[in-house]
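What follows is each chain in one-letter form.
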Amino acid sequence: MYRTHTCGELRMENLNQTVTLAGWVQKVRNLGAMTFIDLRDRYGITQLVVEEHSSAELLETASHLGREYVIRATGRVVERASKNAKIPTGEIEVVLESLDVLNASLTPPFTIEDQSDGGDELRMKYRFLDLRRNPLRNALMLRHRMAHEIRNFLDSRGFLEIETPYLIKSTPEGARDFIVPSRMNPGEFYALPQSPQTFKQLLMVAGYDRYFQIVRCFRDEDLRADRQPEFTQIDCEMSFVDREDILNVFEDLAKYLFRTILGKEFTEAFPRIGWTEAMEKYGSDKPDLRFGMTFNDLSKEARGKGFGVFDSAEYIGAICAEGCAGYTRKQLDALTEFVKRPQIGAKGLVYVRCEADGSYRSSVDKFYGQEDLVRWAARCGAKPGDLLLILSGPKKSTLSALCELRLEMGERLGLRPHDRFAPLWVVDFPLLEWDDETQRYYAMHHPFTSPKSEDLALMDTDPGRVRANAYDFVVNGVEVGGGSIRIFDSELQQKMFRVLGFSAEEAEKQFGFLTNAFKYGAPPHGGIAFGFDRWCALFGGADSIRDYIAFPKNNSGRDTMIDSPSIVSDAQLDELSLSVREPQQHA
């Protein structure tokens, strides 16, 4: 028997029991008369004691233990003289009678502690060691619990969990596909799914009514903190529903998860914000509502006073930072440098201090008098002690820069705590977005998103103004999920393809399997997909999804632990009818 109990299980009620534990050596402390061993497994840590009058064999074995040795230990549970309130087993310890080394260990390249001394790349290379640390263990336990509760909820609402294929047809829309060559069909390729979108729609045509899947998806795109080449979706679809039906069901899911996982109760309906309003007020279609600081358009008030930067600007926007009028010149210069970073792109920053005595001081006093600044302050709802921060330029880029400035100020002022949540729905997105380079429209979500019924007439005359019957679920500035009511009418779907620039032949070749299925009685349907990794990270209070995935890739899309991607043999390439290329020479 390797163990009778786990290392997180023993308590005072186990006193005087003889137990056997197995796990990894976290730490050894040899105090001469006694040796203390912290033994760790997935469940916790138990302190073991080797007394000086123990057998020579036991003393010898204990003296050679190193960190991360795998051992089995048998002994008697006693009450600790010096208790440790930081761990659940801290009231007891196990006085050893026997000790076996099951496997020795090399010295780990970093400490297996909550705060490790290993850098990101080193810990990624030795991910199997990193996963022994409590933060990652807790992250994966949170992920497991969330998956369990999601299945419980959706099952209670009549959803069926159905698997869809991983080897599918490549389509030209969306992000880049990962391509898989077919040995049995030389010169032809599968794609790994970016989403089970068409399959879940076909399941609705097949009459399955309510489907879900916690499914792996793949996108060949540049990586960042909340994006991996392979990720997990909570993918859902429903028949005979409109937008309200879907928002109600999945708002209930979100409230259920907040309650069961975090103990947070939401009794009110989540706010709903139209896409246009979100962009005008927050400069983002995923606004962080944990704090205010909404945008104020000063274009009319600030133009025409001889300040060329404002006079020539398409848009002049301001945010009001409450209580920040006392910011020093150094702090204001730091904010100016922040907005001038290439990734933000503003040319500069104008500020107005709303002094406690009711006067105003600005960085543009040469052009604007007190009366002008009073109007600006009134437009922004500013009070004495507040600070106005103003950006100008082309409207689209200025809104984006102002969004980054707002988030930065929220961070600096402590208005974005990880344990506070502000969920909302963003609705009424544009159906299409125009690309100047290719001179054509692209679907903002995907080609199967239904236009709003009241905008259908615009499909022929002004497709850029058509709104989508789409919705995103946003929490704390993170897009957690998104979906839409789908097109289920073949004629409307063909019209959508035409607007997107597909010929009838191209549409048939790429999507004929779906549009032909619609001819056999497709129900009204719609759905949503949530980023499961993002939701886990959000609930765990993390900015990156990496620790909530057991074996993630680094920022270059590599798995440094197994050294992937890697070169394959010429024989493998020959089997796949792929030409053999000379490896690139690196300087």
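Naming follows an unreviewed UniProt entry, where the chain appears as Aspartate--tRNA ligase of Alistipes ihumii AP11. UniProt annotates the chain under Function (unreviewed entry) with the comment "Catalyzes the attachment of L-aspartate to tRNA(Asp) in a two-step reaction: L-aspartate is first activated by ATP to form Asp-AMP and then transferred to the acceptor end of tRNA(Asp)." Annotation of the chain in UniProt includes, under Subcellular location (unreviewed entry), the sentence "Cytoplasm".

Colleague: Honestly, the UniProt feature "binding site: ATP" (unreviewed entry) in the chain in this entry has me stumped. Any pointers?
Modeller: The residues that UniProt annotates with the feature "binding site: ATP" (unreviewed entry) are Arg219, Asp220, Glu221, Gln228, Glu479, Gly531, Phe532, Asp533 and Arg534. Mapped onto the secondary structure, arginine 219 falls in the loop between strand S9 (210-218) and strand S10 (230-239). With relative accessibility at 27%, the residue arginine 219 sits in the partly exposed group. In contact with arginine 219, other than residues within four places in its own chain, are Ala175, Arg176, Phe178, Gln194, Pro229, Phe231 and Gln233. With respect to the element layout, glutamine 228 can be found in the loop between S9 and S10. Residue glutamine 228 is classed as buried on the basis of its relative accessible area of 5%. Contacts of glutamine 228, omitting those with residues within four sequence positions, involve Leu223, Ile545, Ile549, Pro552 and Lys553.

Colleague: Teacher, can you tell me more about the side chain of arginine 486 here?
Modeller: Here arginine 486 is to be found in the loop between strand S21 (478-485) and helix H14 (490-499). Residue arginine 486 is classed as buried on the basis of its relative accessible area, which comes to 2%. Here glutamate 237 takes part through its side chain, which lies 2.9 Å from a polar atom of the side chain of arginine 486. Side-chain polar atoms of arginine 486 contact the side chain of histidine 446, separated by 3.3 Å.

Colleague: Please clarify how the environment of valine 499 should be interpreted in this entry.
Modeller: Residue position: valine 499 is located in helix H14. Leave out the neighbours within four places in its chain, and valine 499 touches Leu432, Tyr441, Met459 and Pro463.

Colleague: What is the right way to look at the UniProt feature "binding site: L-aspartate" (unreviewed entry) in the chain in this model?
Modeller: In the numbering used here, UniProt assigns the feature "binding site: L-aspartate" (unreviewed entry) to Glu173, Arg219, His445 and Arg486. Turning to its location among the elements, histidine 445 is positioned in the loop between strand S19 (440-443) and helix H13 (458-461). For histidine 445, a relative accessible area of 30% puts it in the partly exposed group. Each residue touching histidine 445, except ones within four places of it in the same chain, is listed here: Phe429, Ala470 and Asp472.

Colleague: Hey, could you run me through the sheet that holds strand S22 (residues 525-531) in this one?
Modeller: Sheets are built from strands paired through backbone hydrogen bonds, the pairs being either parallel or antiparallel. With mixed pairing, eight strands are arranged side by side in an open sheet as S6-S9-S10-S22-S21-S20-S17-S11. Because the sheet does not close on itself, it has two edges, and the strands there are strand S6 (160-161) and strand S11 (272-274). As defined by bridge partners, strand S17 (residues 423-427) adjoins strand S20 (residues 470-475) across five bridges and the pair is classed as antiparallel. Bridged to valine 427 within S20 is tyrosine 471.

Colleague: Would you take a moment to explain the packing of helix H7 (residues 275-282) against helix H12 (residues 395-412) for this structure?
Modeller: Packed helix pairs are characterised by how far apart their axes lie and by the angle those axes make with each other. Orientation of H7 relative to H12, taken along the N-to-C sense of each, is 65°, at an axis distance of 8 Å. Here H7 lies roughly perpendicular to H12, going by the angle between them. In this structure, H7 contributes Met279, Glu280 and Tyr282 to the contact, and H12 contributes Lys395, Leu399, Cys403 and Arg406. Of the residues that constitute the contact of H7 with H12, the class distribution is four nonpolar, no polar and three charged.

Colleague: Would you mind going over the nonpolar core with me for this structure?
Modeller: Taken as a class, soluble globular proteins show a tendency for nonpolar side chains to be buried jointly. Phe250 and Trp535 are the most contacted members of the largest nonpolar core, which totals 44 residues. Per-element tally for this core: the top contributor is helix H6 (residues 243-262), with ten residues. When sequence neighbours within four positions are dropped, the list of residues in contact with phenylalanine 250 reads Leu154, Phe159, Cys236, Met238, Trp425, Ile528 and Phe530. Met459, Ile487, Leu500 and Ala517 belong to the second largest nonpolar core, which has 31 residues in total.

Colleague: It is not clear to me how the environment of arginine 143 should be interpreted in this structure. Could you clarify?
Modeller: Positionally, arginine 143 belongs in helix H4 (residues 134-156). With 114 residues separating them in the primary sequence, arginine 143 and leucine 257 have C-alpha atoms 12 Å apart. Setting aside anything within four residues of it in sequence, one finds arginine 143 in contact with Arg216, Thr232, Phe532, Asp533, Cys536, Tyr548 and Ile549. Within the structure, arginine 143 has its side chain in polar contact with the backbone oxygen of tyrosine 548 (distance 2.7 Å).

Colleague: What exactly am I supposed to notice about the environment of isoleucine 528 here?
Modeller: Tracing the backbone shows isoleucine 528 in strand S22. You can call isoleucine 528 buried: its relative accessible area is 0%. The spacing of isoleucine 528 and asparagine 16 is 512 residues in sequence and 55 Å in space, taken between C-alpha atoms.

Quick notes on the rules
Positions within a chain are numbered from 1, following the residues in the order the chain's sequence is written. Confidence filtering applies because this is a predicted model: local features only for residues at pLDDT of at least 70, side-chain atom pairs given and counted only at 80 or more, and all residues used for totals across whole chains, interfaces and linings. Calculated side-chain values reflect all of the structure's heavy atoms, with hydrogen atoms and water omitted. UniProt positions are given in the numbering used here, feature names are shortened, and annotations may be inferred rather than shown by experiment. Helix and strand assignments follow DSSP, with helices taken as H or I runs no shorter than four residues and strands as E runs no shorter than two, numbered in order from the N terminus. For each residue, the accessible area found with a 1.4 Å probe, counting protein chains only, is set against the maximum for its type, and the residue is called buried under 20%, exposed over 50%, and partly exposed in between. Throughout, a residue-residue contact means that at least one pair of heavy atoms, one from each residue, lies within 4.5 Å. In protein, a polar contact means a hydrogen-donor-capable atom and an acceptor-capable atom, both N or O and within 3.5 Å, with residues adjacent in sequence counting only if both atoms are side-chain atoms; elsewhere, any N or O pair within 3.5 Å suffices. The pairing criterion for strands is at least two bridges between them, as found by DSSP. What counts as an axis is a line fitted to C-alpha atoms, over the stretch in contact for a helix, and the angles between N-to-C directions run from 0 to 180 degrees. When describing relative orientation, an angle under 35 degrees is termed roughly parallel and one over 145 degrees roughly antiparallel, while 65 to 115 degrees is termed roughly perpendicular and anything else oblique. Note that Gly is not counted as nonpolar here; it falls among the polar residues with everything else outside the nonpolar set of Ala, Val, Leu, Ile, Met, Phe, Trp, Tyr, Cys and Pro and the charged set of Asp, Glu, Lys and Arg. Take the buried Ala, Val, Leu, Ile, Met, Phe, Trp, Tyr and Cys residues and link them wherever side-chain atoms come within 4.5 Å; each set so joined is a nonpolar core.

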